[in-house]
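Structure at a glance
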Amino acid sequence: MSINIGIHDLSFATTEFVLPHTELAAYNGTEIGKYHLGIGQESMSVPAADEDIVTLGAAAAAPIIARHGSDRIRTVVFATESSIDQAKSAGVYVHSLLGLPSATRVVELKQACYGATAALQFAIGLVRRDPAQQVLVIASDVSKYELDSPGEATQGAAAVAMLVGLDPALVRIEDPSGLFTADVMDFWRPNYRDAALVDGQDSINAYLQAVEGTWKDYTEQGGRSLDEFAAFCYHQPFTKMAYKAHRHLLNYCGYDTDKDDVARAIGQTTAYNTVIGNSYTASVYLGLAALLDQADDLTGRHIGFLSYGSGSVAEFFSGTVVGGYREQLRTEANRAATDRRKPVSYAEYRALHERSFPTDGGDHPTPAQTTGPYRLAGLSGHKRIYQSR
Ligand code: HMG
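**Here's the deal with the nonpolar core**
As a rule of thumb, soluble globular proteins bury nonpolar side chains together. Judged by nonpolar contacts, the single largest core of 49 residues is most densely connected at Leu10, Val164, Tyr285, Leu288 and Leu292. The greatest single-element share of this core, amounting to 8 residues, is contributed by helix H10 (residues 283-294). Excluding its chain neighbours within four sequence positions, the residues that come into contact with Leu288 are Ile7, Leu10, Val171, Cys233, Ile303 and Phe305. Counting residues in hydrophobic clusters, the runner-up holds 42 residues, among them Met44, Ala48, Phe229 and Ile266.

**A short note on the site of the ligand**
Taken together, 27 residues form the shell around the ligand, and within it Lys34, Glu81, Cys113, His235 and Lys244 come nearest. Here His235 contributes a side-chain N or O atom positioned 2.8 Å from an oxygen atom of the ligand. Separating an oxygen atom of the ligand from a backbone N or O atom of Ser310 is a distance of 2.8 Å. Counting atoms within 2 Å of the grid points, the majority share of the ligand lands in the second largest pocket. Of all the elements in the fold, those that place two or more residues in the shell around the ligand are helix H2 (32-39), helix H6 (200-220) and strand E13 (302-309). If one sorts the elements of the shell around the ligand by residue count, H6 sits on top with 5 residues. Partitioned by chemical class, the residues of the shell around the ligand number 12 nonpolar, 11 polar and 4 charged.

**Some words on empty space enclosed by the protein**
Following the criterion strictly, the structure yields 1 cavity of 30 Å³ or more and no others. The calculated volume of the largest cavity comes to roughly 60 Å³. For the largest cavity, the full set of lining residues is Asp9, Leu10, Leu170, Ala289, Leu292, Asp293, Gln328, Leu329, Arg330 and Asn334. Elements that contribute at least two residues to the lining of the largest cavity include exactly strand E1 (5-14) and H10. Looking at the lining of the largest cavity, the element that brings in the most residues is H10, giving 3 residues. A class-by-class count of the residues in the lining of the largest cavity yields 5 nonpolar, 2 polar and 3 charged.

**Quick look at the pattern of salt bridges**
Scanning all chains against the criterion turns up 16 salt bridges. The salt bridge involving Asp50 is made with Arg375; its shortest N-O contact spans 2.7 Å. Taken together, the residues span a long stretch of sequence, with Asp50 in the loop between strand E3 (43-46) and helix H3 (53-68) and Arg375 in strand E17 (residues 374-380) at a distance of 325 residues. Here the two residues Asp50 and Arg375 agree in accessibility, since each one is buried. Put simply, Lys144 and Asp194 hold a salt bridge, and the shortest N to O gap is 2.8 Å. Linking Lys144 in the loop between strand E6 (134-143) and strand E7 (156-166) with Asp194 in the loop between strand E10 (187-188) and strand E11 (197-198), this pair joins segments that are 50 residues apart in sequence.

**Topic: the sheet that holds strand E15 (residues 342-343)**
Overall, mixed pairing links the 3 strands, which are arranged E3-E2-E15 in an open sheet. Looking along the sheet, the strands with just one partner apiece sit at the ends: E3 and E15. Pairing analysis gives 2 bridges linking strand E2 (residues 17-20) to E15, with the strands arranged parallel. Looking at E15, one finds that Phe17 is bridged to Lys342. Together, E2 and E3 form the strand contacts of helix H1 (residues 21-28), whose direction differs from that of E2 by roughly 50°.

**Description of the packing of H6 against helix H7 (residues 239-252)**
The interhelical angle for the contact between H6 and H7, taken along N-to-C directions, is 45°, at an axis separation of 10 Å. Classified by the angle their axes make, H6 and H7 are oblique. The way H6 lies across H7 gives a crossing that is right-handed. In this structure, H6 uses Ile204, Tyr207, Leu208, Val211, Glu212, Trp215 and Lys216 to contact H7, whose residues at the interface are Met241, Lys244, Ala245, His248, Leu249 and Tyr252. Here the residues of the contact of H6 with H7 sort into 9 nonpolar, 1 polar and 3 charged.

**Quick notes on unusual backbone geometry**
Looking along the chain, the bond that leaves Asp175 and enters Pro176 is cis, with omega of -5°. Residue placement: Pro176 occurs in the loop between strand E8 (171-173) and strand E9 (178-181). With an omega dihedral of 0°, the bond running from Gly311 to Ser312 counts as a cis peptide bond. By the element assignment, Ser312 lies in the loop between E13 and strand E14 (313-321). For Asp148, which is not glycine, the phi torsion reads 65° and is therefore positive. Along the chain, Asp148 turns up in the loop between E6 and E7. If you check the backbone angles, Tyr280 has positive phi at about 50° while not being a glycine. Residue placement: Tyr280 occurs in the loop between helix H9 (271-276) and H10.

**A word on helix H5 (residues 115-129)**
For H5, built from 15 residues, the straight-helix expectation of 21 Å at 1.5 Å per residue is met to within 8% by its first-to-last C-alpha distance of 21 Å. Listed in full, the buried residues belonging to H5 are Gly115, Ala116, Thr117, Ala118, Ala119, Leu120, Ala123, Ile124 and Val127.

**Considering the packing of aromatic side chains**
Per the counting criterion, the structure on display carries 16 aromatic pairs. Linked through ring pairs, Trp215, Tyr218, Phe229, Phe232, Tyr234 and Phe316 together constitute an aromatic cluster. Above the plane of the ring of Tyr93 lies Lys88, whose end atom (NZ or CZ) is 4.6 Å from the centre. For the cation-ring pair, Lys240 lies above Tyr243, with the distance from its terminal atom to the ring centre recorded as 5.9 Å.

What counts, and where the lines are drawn
- Residue positions are given per chain, counting from 1 as you read along its sequence in written order.
- For a predicted model such as this one, the threshold for reporting local features is a pLDDT of at least 70, and the threshold for listing and counting side-chain atom pairs is 80 or more; totals across whole chains, interfaces and linings nevertheless cover every residue.
- Note: side-chain values were computed over all heavy atoms of the structure, leaving out hydrogens and water.
- Put simply, buried Ala, Val, Leu, Ile, Met, Phe, Trp, Tyr and Cys residues joined by side-chain atoms within 4.5 Å make one nonpolar core.
- When accessible area is computed with a 1.4 Å probe and restricted to protein chains, residues below 20% of their type maximum are described as buried, those above 50% as exposed, and intermediate ones as partly exposed.
- A run of DSSP states H or I qualifies as a helix once it reaches four residues; a run of E qualifies as a strand once it reaches two. Both are numbered from the N-terminal end.
- Contacts: residue pairs with any heavy atoms within 4.5 Å of one another.
- Residues are labelled near a given molecule or strand when at least one of their non-hydrogen atoms is within 4 Å of it.
- Between N or O atoms, a polar contact is any pair within 3.5 Å; within protein, one atom must be a potential hydrogen donor and the other a potential acceptor, and residues adjacent in sequence are included only when both atoms are from side chains.
- Grid spacing is 1 Å over the protein atoms alone, the probe is 1.4 Å, and a cavity is where that probe fits but cannot get out, while a pocket is an open set with protein on both sides within 12 Å along at least five of seven lines and lining residues have an atom within 4 Å of a point.
- Molecule-in-pocket calls rest on the fraction of atoms, with more than half required to lie within 2 Å of the cavity or pocket grid points.
- Three residue categories are used. Nonpolar comprises Ala, Val, Leu, Ile, Met, Phe, Trp, Tyr, Cys and Pro, charged comprises Asp, Glu, Lys and Arg, and polar comprises the others, including Gly.
- Grid points are joined across faces, edges and corners, and a volume is the space filled by probe spheres set on the points.
- Salt bridges are defined by distance alone: a side-chain nitrogen of Lys or Arg within 4 Å of a carboxyl oxygen of Asp or Glu.
- Pairing between strands is defined by DSSP: at least two bridges between them are needed.
- In this analysis, axes come from line fits to C-alpha atoms, helices being fitted only over the stretch in contact, and the angle between any two N-to-C directions falls in the range 0 to 180 degrees.
- Put simply, angles under 35 degrees are roughly parallel, angles over 145 are roughly antiparallel, angles from 65 to 115 are roughly perpendicular, and the rest are oblique.
- By definition, any crossing whose near helix is turned counterclockwise from its far helix by less than a right angle is left-handed, and any crossing with a clockwise turn is right-handed.
- Every helix has an expected span of 1.5 Å times one less than the residues it contains.
- Any two of the Phe, Tyr and Trp rings considered here, Trp counted by its six-membered ring, make a pair once their centres fall within 6.5 Å; the pair's planes then place it as stacked at under 30 degrees, edge-to-face at over 60, or tilted in between.
- For a lysine, the NZ atom is tested; for an arginine, the CZ atom; a charge sits over a ring if that atom is within 6 Å of the ring centre and within 35 degrees of the ring normal.

Here it is, written out as structure tokens:
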């Protein structure tokens with residue numbers, strides 16, 4: 001049975017600081033064209049010492065609670081692959097910071113960058129079971145690779161919050177989905193490591209294999225044909241990856257890869273990712289925010305979503321843009337979230353990258369750096385202490 005469920009509201013937050021790729025290129029001697037054109041990145045978000053996935057997630061979700069209240073929210077699903085605790089969900093801290101009712105279920109989900117799409121689909125299932133309820137989905141990540149590694153240029157950090165419910169104001173999510181899982185070691189992060197391990201070329205190939213796999217299943221499940229879509233929101237570890245993926249899909253389907261057609265399908269989805277960098281779980285939904293904020297009226301148009309998480313799990317699905325969606329957009333706030341970041345020098349970024357908390361259980365306050373609504377005040381007795389302004 002088809003029932004009208006989807007994304008009712010979407011809000012995002014990113015970090016206090018930003019590192020322009022020109023700074024990175026000046027430090028490591030890379031020709032800037034490789035960053036600006038080769039991978040399609042201008043800058044990357046850098047968390048302050050007192051920011052993490054919780055402060056970002058709470059900052060993304062707060063405007064949604066301010067607009068809609070929390071009366072109908074009975075579930076919070078927090079998707080991340082930069083988890084701060086092996087047991088407690090980061091969502092429980094956010095639940096507390098936002099003052100959500102105790103009659104709420106809160107859980108954390110993980111499968112690399114794919115986690116938020118699993119959260120969205122699970123949310124739809126919950127709403128289908130009880131259409132009176134809404135689910136708050138939060139995707140929040142800090143992408144961290146080794147300093148001086150090829151992955152360094154593809155870091156970033158952001159959180160997207162989405163309110164999922166009946167009769168959505170933005171995008172109705174449709175059945176069916178195309179699914180794909182393959183046990184590959186393209187990118188991973190063992191529990192004892194702070195930075196991810198990656199085989200760059202392998203990861204690109206694994207992503208492209210997943211594009212084929214999801215599309216094959218999507219068509220077998222009776223999905224739409226390629227030319228029914230007005231645009232495609234791909235997971236964007238770097239924005240050029242979306243172009244590579246779309247060309248691959250067109251080739252796989254026997255279509256020409258005309259440069260202008262590809263640009264029309266992808267171009268308006270990259271504005272936030274190109275200045276934020278890889279935000280893992282949030283990335284594909286930052287693509288949606290950019291598209292809705294920039295495109296001419298998309299009412300009734302279909303959008304293709306390709307969510308990829310290394311390791312790997314991927315899903316292709318479709319959303320239809322709802323009439324009146326433009327009145328719900330947060331375009332100004334979205335632009336302000338990226339514009340408010342303070343540029344840091346390469347040395348300042350490197351110092352932040354190298355920071356970690358001592359593991360001795362002592363009192364370790366963090367320097368007050370963020371001007372955002374929530375901060376990680378420190379660690380005490382192995383407990384993270386958060387503050388609202
Ligand atoms: P690299 O070795 O630094 O770069 O790795 P390259 O030599 O492959 O060059 C990159 C592109 O720049 C190439 O274009 C060059 O030709 C071009 P392409 O051949 O790909 O079209 N180039 C230039 N263009 C213009 N002017 C120039 C110039 N020089 C070179 N002067 C790589 C790049 C992305 C592999 C690296 O940064 C990396 O390992 N990143 C991390 C892994 C990654 O992002 N993988 C993506 C797929 S996996 C994924 O999406 C999942 C993930 O998000 C994790 C998760 O799921 O949790 C990562």
